[in-house]
Amino acid sequence: MTIDKQLVWVRDGTEGFVLARLQDLMGEEADVIPLDNRHQRRVAAFDDIFPAGDPAKEVDDNCELMFLNEATLLNNILNRYKKNKIYTYVANILLAVNPYTDIPDMYSSSTIKKYQGRSLGELPPHVFAIADKAFRDMKALKQSQSIIVSGESGAGKTESTKYILKYLCDLWAQAAGPIEQKILDANPILEAFGNAKTTRNNNSSRFGKFMEVHFNNKYHVAGGHISHYLLEKSRICLQGPEERNYHVFYLLCAGAPQELRAALKITKPDDYLYLKNGCTQYFTSPQSEKKISASQKSKEQQTKGGLRDPILDDVEDFQRLHQALSRVGLSDDEKRGVYSVVAAVLHLGNVAFEEEGGARGGCHVAPNSEPALATAAALLGVDPGELRMALVSRLMQSSRGGMKGTAIMVPLKTYEANNARDALAKAIYSRLFDFIVHRINSSIPFQTSSYYIGVLDIAGFEYFQMNSFEQFCINYCNEKLQQFFNERILKNEQELYKREGLNVPEIRYVDNQDCIDLIESKNHGIFHILDEESKLPKPDFEHFTLSVHKELGGNSPNARIQVARTSRLKAHRALRDHEGFLLRHFAGAVCYSTSQFIEKNNDALHASLEFLVQESNSSLVQQLFQNTDNNNAKGKLNFISVGSKFQTQLTQLMGKLKENGTNFVRCIKPNSRMVGGVIEGSLVLTQLQCSGTASVLALMEHGYPSRAPFAELHALYKDLLPARLQHLTAKLFCQAIVHSFGLSDKDYKFGVTRVFFRPGKYSEFDTIMRSDPEGLKAIVESVLAWLVKARWRRSIFTALSVIKLKNKILYRQRCLIKIQNSIRGYLVRRRHQPRYRGIAKIKTLEHNLQDMETVTAQLKKEKENAKKNIENLRNSIRSACAAIKSNPNISRTEIDQLYTKLTKDVETQMSALKKAMADQKNSEEQERLRKLEAEMRAAEEAKKLEQERLRQEEENRRLKAEMEARRKAEEAERIRQEEQDRAAALKLQQQLQDAARADEENRERLEQERRDHEMAVRLARETNGHVEGSPPQLRSFPTMDSMNGENKLNRSERVRMQQAMQGKQKYDLSKWKYSELRDTINTSCDIELLEACRHEFHRRLKVYHAWKAKNARKTTMAEQERAPQSIMDAAKTPRLPQKGDVLGARHRYFRIPFVRAGGGGGAEERRGWWYAHFDGQYVARQMELHPDKTPVLLQAGVDDMQMCELSLDETGLTRKRGAEILEHEFEREWAQHNGPPYRPPHSRANRA
């Protein structure tokens, strides 16, 4: 089928699956188009897509579908339900969908007769077929059977149970007489007292029951027994808004005769606290509605009318209950007592309490509740005053102070009295229910029971918005049943396939053992923690809840127990951590509220109430409480909790189920509204998944659900066949029967001990075996034909075996001849073997001679000697071989001696050659190693030198880069200083110019005054007058021309030098002698004094050399140059000295070209190098190198007069690019010309 035409089922959240057409494949997903236009086109994962096959086809057994998957299973159920076919199979499991309506002739007597003795699958699926299979399995396997009816509330479990019992009793209980009717009458009685209306089911069983139908050795019904589990006591006192109390209360109100109601003072549901909080409507039909008077109807009944259900009618059901109680053996007085107890529970609920005034506290019965109290006391047969006292106080026995056992009446508060009243009502009703079950069992006793068929009907998995202790116990029971289902259907099935050697793929299923352990473990399970909490003096549900979270909870998202706030339901998330917990069951997560766990786990009455009812005047009430275990009398540490009782009952039930054969009926609820003809796909699919049916379907896709041991098949069918076939062995009989039918090899498998059939094939086999005589004759003929064929095949096999034996004999003859030849040859070889083996061994020595010749060819000394020895050995080998060949009687010992002698000679010669060769190789090797070692040392040394050279070059490059950077920094500093000096000089020059103009004006004025004075004197001389004052003195002012040039610069230089020397006035050295300065420089350890002396010393040298240069001849000046002319010229440029070593190290080295004047040759011939080592600002060592002259090496402290007296800043060397060199370059030249090692001034002082 092409992709665009293939029909598939696609998972859908509303309908479960929708039919679609596969449109396109998209990697991990596929594009599908639903056929129904209501659904949109979608992209779905392949895990959510299943092949559809023929969607309209329906089958009785889902294992017969073309494709076995969840989608086809759901589709088959939906198709059949729409046709009122509510039953279908998955192998041997019956699926029953509740129709919520009557289906004609579905459960009639004719239908029962039709299914009697018919194999499963022979007729359409039916609950009668499962009942008949259980009976036939019991009869064939000689084993009791169990039928487990499971499903959600409202799925139809109770009705299925009734029809199973009806089938068993109608067919095999006629001989039992009234027992048949009593077993059937148990259902209406139990439904009246144990069933109630819930939001999900109008006839919900609020207890579990295991109904056993016992059979005698003739397989007739001999009696019965009913076990019941976990009656929901909380419903007696409180129901939900849309729910009712147990049916019997409404049966009394609606269906009881007027006389009985008057005697019991029963009116309408609105008048009773235990009824009015829930639904107060009756179940009626239009006919029965007319029988109810207005005084019996509640307001809700009058407003809305009665509830409608095809199987419930409160008016008619009372009559059925009354008659059923009579048939199970209750007398009229006992029935009246039962009704009185039921009515007493209702009246007891109407007893209200009020707070007691005064210091003592406590409470009392409300005045308007006194009639209800009196009625309840009368119906229970107790004194009203004692009942009143027991309800408002409790009896305590003191253990200290006074006589031990003194009774003390402790008053109760209002809420405690309400709890005591409710506890009494629950205890009375639950014990009445136990009494009813006991009387039913007493009415159907069994004297002799060989086997039984048990039908288990227990509440299905429950989950409400708020769940309490009852739901916890019910779900725990369903966990155990689900585990039993997994083990019986899935786990045991697969293990059986493995034991029998059937190759069936393993099916994975969810194992819920960890959840069961969390609940029932004896040391740390939830029941254990609850019991331990109940034993405390003041048990607290919050402490219990926190203990559950602490011991069993986990932080993992997959943990079974989690806090309620992790729930997806908003109402659950409002529950605090100490108020409940979330438990992940096999069917889903359920949130439990623990507020009433402790109270519901302890169903004991307090002593005063229990003593009161034990002393009742009513024989029935006395009987209800005569076998009570007073937990209060035992004490808290010894009480038996409800959970413990339920665990014990459930363990006994599971033991029975595991010992019996098992059949399963899975009831399915089609919709949530409980209406007929409507089915919700998603709801049905959820129930199928939770019940494990989908996993069974996967197993049955490859499995063989029908099987029978060889011996049982032989015993079952041998009587149908003639005597000549009966003597066959069981396995051969089964093989002959099965093979003769011509079934496909895929329809059956033969195991080790039994034969297995595919679904539906065993029924075909059984039908054929039980056919009419003509059919049986055909079967016999087929079996005989198969036996003839089998015998013919055996004969052929025998003939072939004889032929094979003949061929084997001939083969063995040839082998014997070959063995004789081999032995004769062996004897001859053994006789002459020492000779030819000896020759072979001796000839192998020639290979050694060849090796010796190879070694000899490599020798450099005594080669001829070695060749001669080898030739002698070869001749000896030839002689030995000739001697062995010529002497046939030579012994093995003589041959060995010859071989040993030759071997020794060869080894001796070989050792000698090897030694000589080794000596030769050793000498050559030693020579080679010596050369290699020398080469390696040379290479290592060269490598080290090269590395050192590279390192030194790298270091030189780094240092030169640092020097260049330092030079640039100093140059930038110099330029900046010159800019500042230039600005200062310009400013100073402007000031001098202003002063000069002022002086010039003053000079002109004085000159004018002088001329005026002279003129006045001359006139005075001429007139013999007197001139006052002296002529003005004319000061000498420099002219503007004299202000320019060198004088101006010298003044600025003096100003700068005065500024620079302001920081060096710590020591006044102006009056020190030259010798004192020199001695201080050579001997002082004071760094500051030493530096001051050096400055003063070089200042005086500058003055001395300046004076000497001024008064010396030019030729003499040229010859006495102490530094290159470029340095001397640079010194003429005035500048401020640096304040300490601003940049760079203290020791610096320089080299510049030096052309000394006065040489005989040209400038190139007189060119040399001038080296200087500056220690700080002044030269420490000085060196002149000329090609044609002796090197001049000068050192401070010795040759100061011949050395450069300029400071480092004055020389300008730091500004000359490439002038600065590295220390090792200077030291190399200094050492090369035999310069003495340099010692700094402070080290010379220390040495001195």
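Residues numbered from 1 in each chain as written. Predicted model: local features only at pLDDT ≥ 70, side-chain atom pairs only at ≥ 80, totals over all residues. Heavy atoms only, no water.

Tell me about the packing of aromatic side chains, and please be specific about residues and values.
Enumeration according to the criterion identifies 27 aromatic pairs in this entry. Look at Tyr 1149 and Phe 1226: their rings are 5.3 Å apart centre to centre, the planes differ by 40°, and that puts the pair in the tilted class. Here Tyr 1149, found in strand E25 (residues 1147-1155), pairs with Phe 1226, found in helix H44 (residues 1223-1232); they are 77 residues apart in sequence, far enough to count as distant. As far as the burial class goes, Tyr 1149 and Phe 1226 line up, both buried. A connected cluster of aromatic rings, assembled from ring pairs, spans Phe 469, Phe 472, Tyr 476, Phe 527, Phe 544, Phe 581, Tyr 592, Phe 597 and Phe 646. Stacked on the ring of Tyr 250, the Lys or Arg Arg 244 has its end atom at 4.0 Å from the ring centre. In this structure, Lys 841 is placed above the aromatic ring of Tyr 899, and the distance from its NZ or CZ to the ring centre is 4.7 Å. (Phe/Tyr/Trp six-rings, centres within 6.5 Å; stacked < 30°, edge-to-face > 60°. Helix = DSSP H or I, 4+ residues; strand = E, 2+ residues; numbered from the N terminus. Buried < 20%, exposed > 50% of the residue type's maximum accessible area, 1.4 Å probe, protein only. Lys NZ or Arg CZ within 6 Å of the ring centre and 35° of its normal.)

Account for unusual backbone geometry, naming residues and giving values.
At Asn 84, a residue that is not glycine, the phi angle is positive and equals roughly 65°. Tracing the backbone shows Asn 84 in the loop between helix H1 (70-82) and strand E6 (87-90). Here Asn 84 falls in the partly exposed class, since its relative accessible area comes to 45%. Unlike most non-glycine residues, Leu 230 shows phi in positive territory, near 55°. You can see Leu 230 is positioned in the loop between strand E12 (221-229) and helix H6 (234-237).

How would you explain the side chain of Glu 152 if you had to name every residue and give the values?
Within the element layout of this structure, Glu 152 appears in the loop between strand E8 (145-150) and helix H4 (157-172). Buried charge without a partner: Glu 152 forms no salt bridge, and the closest opposite charge is Arg 200, 5.1 Å away. Non-local contacts of Glu 152, meaning those with residues more than four positions away in its chain, are made with Lys 157, Gly 460, Phe 461, Tyr 463, Cys 667, Lys 669 and Gln 687. (Lys, Arg positive; Asp, Glu negative; His and termini not counted. Salt bridge = Lys/Arg side-chain N within 4 Å of Asp/Glu carboxyl O. Contact = heavy atoms within 4.5 Å.)

Break down a positive patch on the surface for me, with residues and values.
Side chains of Lys 789, Arg 791, Arg 793 and Arg 794 sit close together on the surface and give a patch of like positive charge. When its relative accessible area of 47% is taken as the criterion, Arg 794 is described as partly exposed. (Patch = residues over 30% accessible without salt bridge, like charges linked within 9 Å, V, L, I, M, F, W, Y side chains within 5 Å. Areas by Shrake-Rupley, 256 points an atom, 1.4 Å probe, with all protein chains shown as cover. Charge placed at Lys NZ, Arg CZ, Asp CG, Glu CD.)

I'd like a rundown of the side chain of Asp 31, residues and numbers included.
Along the chain, Asp 31 turns up in strand E3 (residues 29-34). A relative accessible area of 10% places Asp 31 in the buried class. Asp 31 has contacts with Arg 21, Leu 22, Gln 23, Asp 24, Met 26, Arg 41, Arg 42 and Val 43, leaving out every residue within four places of it along the chain.

Tell me what's going on with the sheet that holds strand E5 (residues 49-51), and back it up with residues and numbers.
As summarised here, the arrangement of the five strands in space is E4-E3-E2-E1-E5, forming an open sheet in which the pairing is antiparallel. Of all strands in the sheet, those bounded by a partner on one side alone are strand E4 (42-45) and E5. Between one strand axis and the next, the sheet turns through 50° on average, direction left out of account. Direction of pairing for E3 relative to E4: antiparallel, over a ladder of four bridges. Within E4, the residue paired with Ala 30 across the bridge is Ala 44. The strands touched by helix H27 (residues 681-690) are strand E1 (7-12) and strand E2 (16-26); relative to E2, the strand with the most contacts, the crossing angle is about 90°. (Pairing = 2+ DSSP bridges. Axes fitted to C-alpha atoms, helices over the stretch in contact; angles between N-to-C directions.)

Summarise the pairing of E25; cite the residues concerned and give the values.
Sheet topology note: the E25/strand E26 (residues 1167-1175) ladder contains nine bridges and is antiparallel. Note on E26: the bridge partner recorded for Tyr 1149 is His 1173. With two bridges connecting them, E25 and strand E29 (residues 1220-1221) associate as antiparallel partners. Looking at the pairing, Phe 1150 lines up with Glu 1220 of E29.

Outline the confidence of the model for the protein, supporting the account with residue identities and numerical values.
Detailed reading of the predicted coordinates is not advisable wherever pLDDT falls low. When the pLDDT values of the protein are averaged, the result is 82; 87% of them are 70 or greater. A low-confidence stretch, residues 1034-1056 stays under pLDDT 50, and its non-local contacts, those more than four residues away or across chains, total 19 contacts. Across residues 1139-1144, confidence stays below pLDDT 50; counting only partners more than four residues off in sequence or on other chains, it has six contacts. (pLDDT = per-residue confidence, 0-100.)

If you had to explain H44 to someone new, which residues and values would you point to?
All buried positions along H44 are accounted for by Glu 1225, Phe 1226, Glu 1229 and Trp 1230. End-on, the buried residues of H44 take up no more than an arc of 130°, which puts them together on one face. Residues of H44 that are exposed and angled more than 90 degrees away from the buried face: Ala 1231 and Gln 1232. The first or second residue beyond H44 is Asn 1234, which carries a positive phi of 65°. (Arc of directions from axis to C-beta.)

Lay out the nonpolar core in plain terms, naming residues and giving numbers.
Among the nonpolar cores identified, the biggest contains 205 residues, and Phe 193, Phe 249 and Leu 432 are the most heavily contacted of them. Aside from chain neighbours lying at most four places away, what touches Phe 193 is Tyr 246, Val 248, Leu 321, Val 338, Val 342, Tyr 429, Leu 432, Phe 433 and Ile 436. (Core = buried A, V, L, I, M, F, W, Y, C linked by side-chain atoms within 4.5 Å.)

Go over the environment of His 1224, please, and point to the residues and values.
Locating His 1224 in the fold gives a position in helix H44. Taking the C-alpha atoms as reference, His 1224 lies 9.5 Å from Tyr 1149; in sequence the two are 75 residues apart. Apart from residues no more than four positions distant in its own chain, His 1224 is found in contact with Gln 952 and Asn 956. At a separation of 3.0 Å, a polar atom in the side chain of His 1224 contacts the side chain of Asn 956. (Polar contact = N/O pair within 3.5 Å; in protein donor to acceptor, adjacent residues only side chain to side chain.)

Tell me about helix H3 (residues 127-141), and please be specific about residues and values.
Here H3 contains 15 residues, and its C-alpha end-to-end distance of 21 Å stays within 8% of the 21 Å for a straight helix at 1.5 Å per residue. Summarising burial for H3: eleven of the 15 residues are buried, a large majority. What H3 keeps buried is the set Val 127, Phe 128, Ala 129, Ile 130, Ala 131, Asp 132, Lys 133, Ala 134, Phe 135, Asp 137 and Met 138. Backbone geometry just downstream of H3 places Lys 142 in the positive-phi region, at approximately 55°. (Expected span 1.5 Å × (residues − 1).)

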